[in-house]
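# Reading the structure
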Amino acid sequence: MIINKDSIKQYNKSETENFNSDFAYLSDKLTKSGANVSEIVKKIADFQVAVPSWALGAGGTRFGRFSYGGEPATLEHKLEDIGLIHALTNSAGAVSLHIPWDIPDDVQAIKEKAAAHGLVFDAMNSNTFQDQPGAQQSYKFGSLNASNEDVRAYAVEHNKEVIRIGKELGSKSLTVWLADGASFPGQLNFQTALSKTEQSLKEIYAGMPEDWKLFIEYKPYEPNFYSTTIQDWGTSFMLANACGERAYTLVDLGHHLPNSNIEQIIATLMYKGKLGGFHFNDSKYGDDDLTVGSIKPYALFLIFNELVYGIENNPQNPYPAWMIDASHNIKDPLEDLIQSLEAILMAYAQALLVDQKALKDAQLNNDVVRAQEILQNAYRTDVRPLLKAARFQSGAAIDPISAYRNLKVREHLISERGLNVKATGL
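Overview of the structure. Note that the structure is a prediction, hence the values are computed from the model and not measured.

What follows covers helix H16 (residues 409–417). Along H16, the residues that are buried comprise Val-409, Arg-410, Leu-413 and Arg-417. Angular distribution of buried residues about the axis of H16 spans 95°; they occupy a single face of the element. Elements that come into contact with the buried residues of H16 comprise helix H4 (75–89), helix H11 (333–352) and helix H15 (400–406).

Structure representation (structure tokens):
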């Protein structure tokens with residue numbers, strides 16, 4: 001299914017009257033407060049978030065998986081689905097492939113398919129946390145940290161293969177997330193495991209093209225429950241420094257212990273020029289992979305406040321690679337992704353409204369109340385008319401969820417693909 005511009009334009013006609021009045025009111029209010037509304041709208045319109053190739057089908061837990069009709073059974077289908085989201089939102093202009101779940105059979109054809117939907121290839125993702133059919137080595141007891149040299153070499157070579165595929169597609173970065181760790185005390189030696197991980201990452205880094213970046217992800221627990229070799233941002237940061245200047249830490253919102261101050265982690269990494277990538281999701285307890293902004297929207301705003309400040313004030317840090325990393329267990333995956341994009345852009349827009357000069361003055365004068373008011377005034381602003389303006393000006397749907405349902409996208413996908421198809425990968 002392809003959503004053409006005429007269908008969106010026709011849909012927008014029914015939404016224009018309410019949108020115009022809401023936007024005019026907010027624009028006038030923000031302009032009087034000194035905000036450059038047109039500049040903010042442009043920044044929102046330019047903000048692009050990658051959709052991972054594993055996020056287009058129904059997710060699941062270790063207790064089960066509930067399929068959703070019309071799931072994408074091929075990589076081509078996945079690109080079509082991201083294209084649908086991008087057509088409706090104009091904010092999902094990149095795809096992040098997971099290998100070996102989504103190895104292209106015909107690289108050129110896949111590149112053309114992506115380009116036809118306005119998509120580029122963002123970071124590539126390797127997989128050394130699962131044994132694939134016919135695998136010559138097993139990752140049961142680790143991959144890059146494995147005590148067995150043959151297993152480590154096998155995992156390193158897999159990452160180099162992912163780089164080769166990504167290079168053909170036009171990607172410029174590799175994300176490494178490791179499940180490596182231990183479930184019981186004494187299972188491994190912490191220092192030996194860390195040393196072997198560092199050595200393996202250095203080999204992968206040496207195999208990257210000169211214009212590529214390496215993103216090193218971290219996670220405190222799961223699937224191992226006693227220790228994880230790359231368990232926190234400090235370990236990732238240390239390993240990135242050991243690898244070289246093109247290696248960075250990748251922050252996943254769900255990969256922290258409860259109540260971690262993620263915004264401070266981000267500020268520190270950007271200050272040191274080492275925040276490379278960012279994975280969006282939300283959680284109540286652990287790595288829940290829920291819809292972005294569904295549980296802790298204020299925390300997301302505070303995170304974006306640091307991201308906006310860092311982008312403006314830390315030229316030593318590259319522009320981060322953004323990606324949604326969530327599991328859609330009981331929702332239509334495409335609707336869930338659209339909701340996540342909305343939450344991301346809302347937090348971004350709210351952060352753009354923060355008067356950084358006034359906030360700095362309040363901080364210098366130790367005016368705690370004023371500083372809190374500045375942040376919360378921005379957060380409490382209903383910025384949805386700004387998002388609608390950005391979409392309307394770029395030819396996307398004013399209200400993407402409403403348009404998705406109005407155009408009966410899921411029904412069309414079920415008609416084309418059937419009810420019992422299952423997305424590749426998960």
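Within the secondary structure, Val-156 is located in helix H6 (residues 149–169). The spatial distance from the C-alpha of Val-156 to the C-alpha of Leu-144 is 6.9 Å, given a sequence separation of twelve residues. In this structure Val-156 touches Leu-144, Ser-200, Glu-203 and Ile-204, once residues within four positions along its chain are discounted.

Attention now moves to the nonpolar core. Counting residues in each nonpolar core, the largest one holds 115 residues, and the members touching the most others are Phe-280 and Phe-304. With twelve residues, H11 is the largest single contributor of residues to this core. Residues in contact with Phe-304, not counting those within four places in the same chain, are Phe-47, Phe-280, Ile-344, Ala-347, Tyr-348 and Ala-351.

With that settled, the discussion passes to the packing of H4 against H11. The contact between H4 and H11 brings their axes to 11 Å, and the two run at 40°. Here H4 is positioned oblique relative to H11, judged by the angle of their axes. Relative to H11, the crossing made by H4 is right-handed. Between H4 and H11, the residues in contact are Asp-81, Leu-84, Ile-85, Leu-88 and Thr-89 and Leu-334, Leu-337, Ile-338 and Leu-341, respectively.

Basis of the calculations
Residues numbered from 1 in each chain as written. Predicted model: local features only at pLDDT ≥ 70, side-chain atom pairs only at ≥ 80, totals over all residues. Heavy atoms only, no water. Buried < 20%, exposed > 50% of the residue type's maximum accessible area, 1.4 Å probe, protein only. Helix = DSSP H or I, 4+ residues; strand = E, 2+ residues; numbered from the N terminus. Arc of directions from axis to C-beta. Contact = heavy atoms within 4.5 Å. Core = buried A, V, L, I, M, F, W, Y, C linked by side-chain atoms within 4.5 Å. Axes fitted to C-alpha atoms, helices over the stretch in contact; angles between N-to-C directions. Parallel < 35°, antiparallel > 145°, perpendicular 65-115°, else oblique. Left-handed = near helix turned anticlockwise from the far one by under 90°.

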